[in-house]
Amino acid sequence: MDNDFIDDAISFLVKRVVVPPGQWVLEQVGEPRPTEIASLVTGLTFWAFVVCLVFALVLGW
């Protein structure tokens, strides 16, 4: 596999899947223009929380 393909795929996922939920969460808590890094970290936290919720639902906790 080509390294450029992997880099493009990761970049696409980060820009389209991780950062937008992070921006939305930060906007909801009062940050009008969140930075890219803050959106990335918040987006990763958001998706980790979603995964934990789905895991708990599947196990019936």
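To be clear, the structure that these remarks concern was listed above.
This text gives an overview of the structure that appears in the document. (Residues numbered from 1 in each chain as written. Predicted model: local features only at pLDDT ≥ 70, side-chain atom pairs only at ≥ 80, totals over all residues. Heavy atoms only, no water.)

Glancing now at the overall build of the protein chain. What the protein chain contains, in helices and strands, is two helices and zero strands. Against the compact-globule benchmark of 10 Å for 61 residues, the protein chain has a radius of gyration of 14 Å, which places it well outside the compact range. Considering only C-alpha atoms, the protein chain reaches an extent of 40 × 35 × 10 Å along its principal axes. The burial tally for the protein chain puts 16% of its 61 residues in the buried class. Accessible surface computed for the protein chain: about 5,000 Å², of which carbon and sulfur atoms make up 69%. (Helix = DSSP H or I, 4+ residues; strand = E, 2+ residues; numbered from the N terminus. Rg over C-alpha atoms; globule rule 2.2 N^0.38 Å. Buried < 20%, exposed > 50% of the residue type's maximum accessible area, 1.4 Å probe, protein only. Areas by Shrake-Rupley, 256 points an atom, 1.4 Å probe, with all protein chains shown as cover.)

What follows deals with the packing of helix 1 (residues 3-28) against helix 2 (residues 36-59). Between helix 1 and helix 2, the least distance of the axes is 7 Å, while the angle of their chain directions is 95°. When the axes of helix 1 and helix 2 are compared, the pair comes out roughly perpendicular. Residues V14, V17, V18, V19, P21, G22, Q23, V25 and L26 of helix 1 pack against E36, A38, S39, L40, T42, G43, L44, F46 and W47 of helix 2. Here the contact of helix 1 with helix 2 is built from residues that sort into 12 nonpolar, five polar and one charged. (Axes fitted to C-alpha atoms, helices over the stretch in contact; angles between N-to-C directions. Parallel < 35°, antiparallel > 145°, perpendicular 65-115°, else oblique. Contact = heavy atoms within 4.5 Å. Nonpolar A, V, L, I, M, F, W, Y, C, P; charged D, E, K, R; others polar.)

This part takes up the side chain of S39. Among the structural elements, S39 can be located in helix 2. The residues touching S39, leaving out its near neighbours within four places in the chain, are V18, V19, G22, Q23, L26 and P34.

A few words on helix 1. For helix 1, built from 26 residues, the straight-helix expectation of 38 Å at 1.5 Å per residue is met to within 8% by its first-to-last C-alpha distance of 37 Å. Its axis deflected by about 40° at V19, helix 1 carries its strongest bend there, up to four residues before the proline P20. Among all positions of helix 1, only V18, V19, P21, G22 and L26 are buried. Turning to helix 1, the residues buried within the fold contact helix 2. Where helix 1 terminates, the next one or two residues include G30, which has phi positive at roughly 105°. (Expected span 1.5 Å × (residues − 1). Bend = angle between axes of the 7 residues up to and from the residue.)

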